[in-house]
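Chains, contacts and geometry: an overview
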Amino acid sequence: MDQQLQDHTPRVPPRIKTSQTQEIPQQSSQDDHQPGLPARGALQSAPQTTLSSLDGDSDDYEEVDVSYASVSQGNPLESEMSLQVPVVAAKGRYSSLCSDDEVLDDDESSVWEDSGLNSLQSSIYLPTFGRLATLPKEDSSQAPAVIRKGWLDKNPPQGVLYYQRRWVKLDVDYLRYFDNDKQVYSKGIISTASVTNVTSVGELKFEVITSNRTFIFKAESEAERNEWVTVLQDCTRGRQRRSIISPSLPLTPHFKGYLELKGLRSKLFTVVATDKVFLYKNMEDYRIGVGITSIDMNVGNVKVTDRRSFDLTTPYRIFSFIAESEQLKDQWVDAMRDSIGEALSNSEVADRIWAEPSNSFCADCGAPKPEWAAINLCVVVCKRCAGEHRGLGPSISKVRSLKMDRKVWTEELIQVFLLLGNERVNGFWAANVPPSEALSPSSCSDDRRRFITNKYRHGKYRKYHPLYGNQKELNNALCINVQCSDVLETLSLIFCGADVNCSTGMASCPSPLSLANTHSQRLQAELLSHNQNTELPCSEVEAGMEEVQFSAPTCVYHNGFLFKTGSMARAITERKAREEFSRRWCTLNDGTFSYYESDKNSNPNGVLKASEIVCLAVDAHEKHGYEHTFELYSESERLYLFGTDDPNSHKEWVKSIAKSFIPAKAEPILRLGFERIGRLKCKDGLNLQTSKVGWFALVGSTLHAYLENSQGEEIHLRKLNELSIQQDNEVLVLVERGRTLYIEGERKLDFAGWCAAIQTAAGSGGDTLSQQQLTDTDIPVIVHSCIDYITQCGLTSEGIYRKSGVNSRVAALCERFRQDARSLRLREGEHQVDDVSNTLKRFFRELEEGLFTSEDGGTWLTTAAIQDASMKISQYQVLLNKLPRVNRATLRALINHLYCVQRFSELNQMNLHNLAIVFGPTLFQTDGKDYTAGRSIEDLIQFYTLIFQVDEQQLKKQLEEITAIIQVREKLNTKFPSTEPGGHFICTVYLEEKKETAEQHVKIPASMTSAELTCEILDRRNIAVKDKEYWNCWEVIDKEEIERPLHYQERVLPILHSFGTDSHLLIKKHVAMEAMMVYLATKVDPSKHGIMKFREERSILGLGLSSGSFHDRYFILNSSSLRMYKEVRSNRPERDWPVRNLRIYLGVKKKLRPPTCWGLTVVYESKKQEKPERQQWYLCCDTQPEMREWYATFMSIQNDGDVWPQDGLQPSRVSRVLPDTRHGNVSLIPLRGSENEMRNSVAAFSQDPLALFRDVR
């Protein structure tokens, strides 16, 4: 092997004639377990040849079917594979693939005998132009040691009478035989792991027996034969495969499949394994461990030559391969280049890292000799665990090879790994691993993924630092520690929350990294530098978000029977019965999904390319006649429905199809238990002109998205501020805090499915708290809305929460909240206080599992019996911390509200005891026969500030704001006294100008709109509305010198409630309305952007604006928000206001000295329970048309494009039905005094309901 190879054909000893064929196929004795013919479309099925049938190869299978054996006994071809080129031309077409045992794809088998096998120069086909001029010595640096080598006579193929002289070499893994002792690539290889027995037979001969093949060799002497037998027995003893279905390959295959070698009409099964490439005749030979040759990749080079072709070049031969597709070609090239990298890897760094004993075992599973490391986490891991680390993403684990990534391994980084070691680092990362969750080297991929995710993403097993949770102290400790040599302490601080980029407070060393460098702590600096952007562990995992992991193969192939309906061009709106499905044989192969009449048909009924699939939807269980169904949506607007009763088959089909059309960059979403997955176009951020392609997966109430050039993100649909469909059902708008995402309907069919699925997921998903639509603070929207409404309108209502509402209205409110709580706005006049309060109580009483959970509810009740106040408070705090996150936030918000209610008990008569009586049975869902539940609620309200650790100043401010609300409402009630039990107000309205002669006193019912009020005033004065006259009702605020035209559908009564003493209503023409409508009609983009001059009413911290002047700012107004930027080129907005919370007035008061007279006053009101907020600022435009355009855009967006009634104002009085005054309703009873007095009042009322009104004057 070490001599220079010669160009001439080597001299081969003469053949030995024999009288019979010696190679004997071994037939399995267990026929009942033997497989039949593989079905068409199976995984990487063997390519067809020109032989009459597949039965000619049947004896090569591990387990031989009886029918196979009967055929193979009469077959003249017995395979031992190699690649050869005849040097003499002969008639007909000849295959370049020939072997000692069988001719493959040969038209005339006699040709090979005539041509003479001894004239062949190589066992690998090589075109004339492909042979290298000089052949260097074989690089044996990576080759296993040869145990024995020498010349042997090998049995010939069937029908040939001569033995063939072969050069045979044996190493620990393979028995190889060659044409001569100069060849590099063998004619055949036999895995020693597949050899079941080696025995002496006959004269000078011995048999090498595998599971279904027998190879016979003949030596020159008895002694030589015995030596071969002994050494083979020693080499193969104990290496037999444990499982008959496992490949007999000593190395783990990285990639495998069929490749065509140029010049052949048959394909070879090719396997890339670590640093070698193996060639086999077919997959069955690979399984039984009998191949053609192996190629050491340490001398290889891969070059792409054509769309599907590439060359593997070695110093000895050029292998020209052709893949089945361009995609597979790329995967083959990548696999072989990785193999070359593996072969050329350097072990110097690995040897140094392994010098620390604990580093020679994987930090996660304990596998020996790990060759990978997470350099920011400081752990050395094996290859299988490294793959799961990569799945976490580089923001969590930066995975590098010890052998190939030589540049990253600086001396400092190596010293860090030697100093820490896996044992010490695991003292932090794996301090609390339960034995049941620990990994072993044999753990499966799902277990590894789960463990590694818990260990590093969630930090589940880490040893918490004493300062954990105190950000300031963690940062201080980090700044101190980086100045010394304790690297492990720094690691603990970083991954327990210390900010690597925190400020040190020193100008000369502003960051911990600069501090470490200043103090010459090179190892500390190295660790800090690799964790500058690391995502810290998050220990709290979202409930119900457990991922369902799929182990889809790299190349997706799948087949089997499914039941299919006819394709459709519209969405499925009704249940499909079993009779509407037809059984079809389906295959997924190389990016093509095909379905056939049966598994015997060769022509498909239909074909769907993976590139044409835009969406895959998994239906609910038993939605159709078959238990498990899924839908495929195509680019051509067709829907395909498939079903099966087998859950495992359904799962495999779903994961395989999804894998076939989801790109690699979005592959993490394949691991989710998605209900819908696919491709959509979307816009977000500042770039609203260009759409981006995004890959989305809907999992429960979370939408996972992978957009172009961005990392994956999660959108919690139940926490959206707004969800709407706009522009004729072509855009789905998702508004979350600080961001708006526009999903576009590129295709109507799948987009309609996405819209329906997202809207359903964004709604309430059940009767538990966590399944409700939530606010940003994890409070159910229904709770937040009811509390907010009662705080604004009902705190002074006598007997609030004790009086009953109207049952039908309460039920209707509950149902509307259940359908979509986010879209329901509670408005005074439209909704009654008692109805809202009873809606809140009914929600808590019907809540599944209860607010306190069924598990711990009893403990809350027993805690109320504790006599010692401090012990009671401590126990309540323990129970509070045990509650789920949403329950805890909801309880805090409710008790805060009840605390505020009882603080104003002199007005509403609901003291601490009364509230406890009402809410005890409601929240604990008891019958209320005793005061146990009430006592617990009374404790929570009484000790609210201590149990919930409330900021006293914040609570004081909240109570002051409530007091201000009550005072404003009292003033309004004085100014506009109610004249009827129905709640109507008498209001003064002016016509065209504010003067006594223009006054009109109008009764304002709760339902009156601006248009109705305008028509009533015009009707009173007998003013006819002419064409193109736009009479409007205006809100005028004299003190601010501003005015605002009310929208024609806007209710008047809430405006009156918000009035100050310097405000009034005015009916006059809107002279700019026509110009505004013309502008909006010609406007294509609903948004607007441009420069305006801006000034705050008072200076806001962080804006850097003086309070006395206007400044230029760039504004962007879209359907969800108004954003302000310092300049056009700014990337981040200085401010972002929800457009629905803005009220726009025309004019700016003169004392502010506006730079132009074309100004707008903008009022922002936030009604958050935690911190209601009101801001006012001023905008100035350069011209009147510019101001008109901005105002028109505001009006259009806030009213969904409906600025003015299509038919104009109708100058007739609008009739209105007065609401039922409900005489005799319990809500009219003034509940005052003690508990007994209240109870007596109710009893008296029930006996004589009209008695209360007999003394009314």
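Residues numbered from 1 in each chain as written. Predicted model: local features only at pLDDT ≥ 70, side-chain atom pairs only at ≥ 80, totals over all residues. Heavy atoms only, no water.

**Here we look at the overall build of the protein chain**
Along its length, the protein chain carries 31 helices and 45 strands. Sorting the 1257 residues of the protein chain into buried and exposed places 51% on the buried side. Within the protein chain, counting contacts between residues at least 6 apart in sequence, those at least 24 apart form 62% of the total. For the protein chain, the accessible surface area stands at approximately 57800 Å², while carbon and sulfur atoms represent 48% of it. (Helix = DSSP H or I, 4+ residues; strand = E, 2+ residues; numbered from the N terminus. Buried < 20%, exposed > 50% of the residue type's maximum accessible area, 1.4 Å probe, protein only. Contact = heavy atoms within 4.5 Å. Areas by Shrake-Rupley, 256 points an atom, 1.4 Å probe, with all protein chains shown as cover.)

**Details of a negative patch on the surface**
Together, Asp767, Glu848, Glu849 and Glu855 make up a negatively charged patch on the protein surface. Summarising the element assignment, Glu849 is placed in the loop between α18 (833-845) and α19 (857-863). For Glu849, a relative accessible area of 44% gives the class partly exposed. (Patch = residues over 30% accessible without salt bridge, like charges linked within 9 Å, V, L, I, M, F, W, Y side chains within 5 Å. Salt bridge = Lys/Arg side-chain N within 4 Å of Asp/Glu carboxyl O. Lys, Arg positive; Asp, Glu negative; His and termini not counted. Charge placed at Lys NZ, Arg CZ, Asp CG, Glu CD.)

**Things to note about the packing of aromatic side chains**
Following the criterion strictly, the structure yields 38 aromatic pairs and no others. The interplanar angle of 40° and the centroid separation of 5.6 Å between the aromatic rings of Phe310 and Phe321 together place this pair among those described as tilted. Here the residue Phe310 occupies a position in strand β15 (residues 309-313), and Phe321 occupies one in strand β16 (residues 318-322), the gap between them amounting to eleven residues. As far as the burial class goes, Phe310 and Phe321 line up, both buried. Chaining the aromatic ring pairs together yields one cluster made of Tyr174, Tyr258, Phe269, Phe278, Tyr280 and Tyr286. Its end group placed over the ring of Trp754, Arg676 keeps NZ or CZ at 5.7 Å from the ring centre. The ring of Tyr1145 carries the charged tip of Arg1044 above its face, separated from the ring centre by 5.7 Å. (Phe/Tyr/Trp six-rings, centres within 6.5 Å; stacked < 30°, edge-to-face > 60°. Lys NZ or Arg CZ within 6 Å of the ring centre and 35° of its normal.)

**Some remarks on the pairing of strand β31 (residues 722-726)**
Taking burial as the measure, the five residues of β31 include four buried ones, the bulk of the element. Two strands pair when backbone bridges link them, and β31 and strand β32 (residues 731-736) are joined in this way by five bridges, in the antiparallel orientation. Along β32, the bridge assignment pairs Ser724 with Val733. (Pairing = 2+ DSSP bridges.)

**Some thoughts on the nonpolar core**
Core analysis: the largest hydrophobic core is formed by 66 residues, its most contacted members being Tyr801, Trp860 and Leu891. In terms of residue count, helix α21 (residues 885-903) provides more of this core than any other element does, ten residues in total. Those residues in contact with Leu891 that sit more than four places away from it in its chain are Leu851, Phe852, Trp860, Leu880, Leu883, Leu940 and Phe948. Ranked by size, the runner-up nonpolar core spans 60 residues in total, among them Tyr990, Tyr1048, Ala1072 and Ile1144. (Core = buried A, V, L, I, M, F, W, Y, C linked by side-chain atoms within 4.5 Å.)

**Brief notes about the sheet that holds strand β14 (residues 301-304)**
An order of β13-β11-β10-β9-β16-β15-β14 is seen for the seven strands of this open sheet, with the pairing classed as antiparallel. Since the sheet does not close on itself, it has two edges, and those belong to β13 (293-296) and β14, each with one partner. Sheet twist, expressed as the average angle between the axes of neighbouring strands with direction ignored, equals 35°. Taken together, the four bridges between strand β11 (residues 276-280) and β13 define a ladder with antiparallel strand orientation. Considered in β13, the bridge of Val277 is made with Ile295. (Axes fitted to C-alpha atoms, helices over the stretch in contact; angles between N-to-C directions.)

**Some thoughts on the sheet that holds strand β17 (residues 372-374)**
Spatially, the three strands line up as an open sheet ordered β18-β17-β19, and their pairing is antiparallel. Only two strands of the sheet have a single neighbouring strand rather than two, namely β18 (379-381) and β19 (399-401). The average angle at which neighbouring strand axes cross in this sheet is 30°, direction not considered. Strand contacts of helix α8 (residues 411-429): β17 and β18, with the helix running at about 90° to β18, the strand carrying the most contacts.

**Points about the confidence of the model for the protein chain**
Taken residue by residue, the protein chain gives an average pLDDT of 77. The fraction at 70 or more is 78%. Within the protein chain, helix α1 (residues 66-73) has the poorest average pLDDT of any element, 30, and β18 the best, 95. The low-confidence segment residues 241-248 (pLDDT under 50) makes 24 contacts with residues lying over four places distant or belonging to another chain. For residues 540-554, every residue scores under 50 in pLDDT, and the model assigns this stretch 29 contacts once sequence neighbours within four places are set aside. (pLDDT = per-residue confidence, 0-100.)

**Considering the environment of His1001**
Summarising the element assignment, His1001 is placed in strand β35 (residues 999-1004). In this structure the side chain of His1001 is engaged in a polar contact, spanning 3.1 Å, whose partner is the side chain of Thr988. (Polar contact = N/O pair within 3.5 Å; in protein donor to acceptor, adjacent residues only side chain to side chain.)

**So, helix α13 (residues 522-529)**
An α-helical turn contains 3.6 residues, so any two residues separated by three or four positions project in the same direction. Of the residues making up α13, those classed as buried are Gln524, Ala525, Glu526, Leu527 and Leu528. The secondary structure elements touched by the buried residues of α13 are α8, α10 (471-481), α11 (487-494) and α12 (512-518).

**Things to note about unusual backbone geometry**
Among all residues save glycine, negative phi is the norm, and among peptide bonds the norm is trans. Even without a glycine there, the phi angle at Leu204 is positive, about 60°. The residue Leu204 is located in the loop between β6 (197-201) and β7 (205-209) in this model. Despite not being glycine, Tyr801 shows a phi value in the positive range, around 75°. Within the element layout of this structure, Tyr801 appears in the loop between α16 (781-793) and α17 (807-820).

**A look at the pattern of salt bridges**
Per the counting criterion, the structure on display carries 54 salt bridges. Two residues, Asp856 and Lys882, come together in a salt bridge whose shortest N-O distance is 3.6 Å. With a gap of 26 residues between them, Asp856 in the loop between α18 and α19 and Lys882 in helix α20 (residues 869-882) connect regions that are remote in the sequence. Sharing partners across several salt bridges, the network here consists of Glu635, Arg679, Arg747 and Asp750.

**A look at helix α15 (residues 748-762)**
Its 15 residues place the ends of α15 21 Å apart at the C-alpha level, agreeing with the 21 Å of an ideal helix rising 1.5 Å per residue. Every buried residue belonging to α15 is among Leu749, Asp750, Phe751, Gly753, Trp754, Cys755, Ala757, Ile758, Ala761 and Ala762, and all of these are buried. (Expected span 1.5 Å × (residues − 1).)

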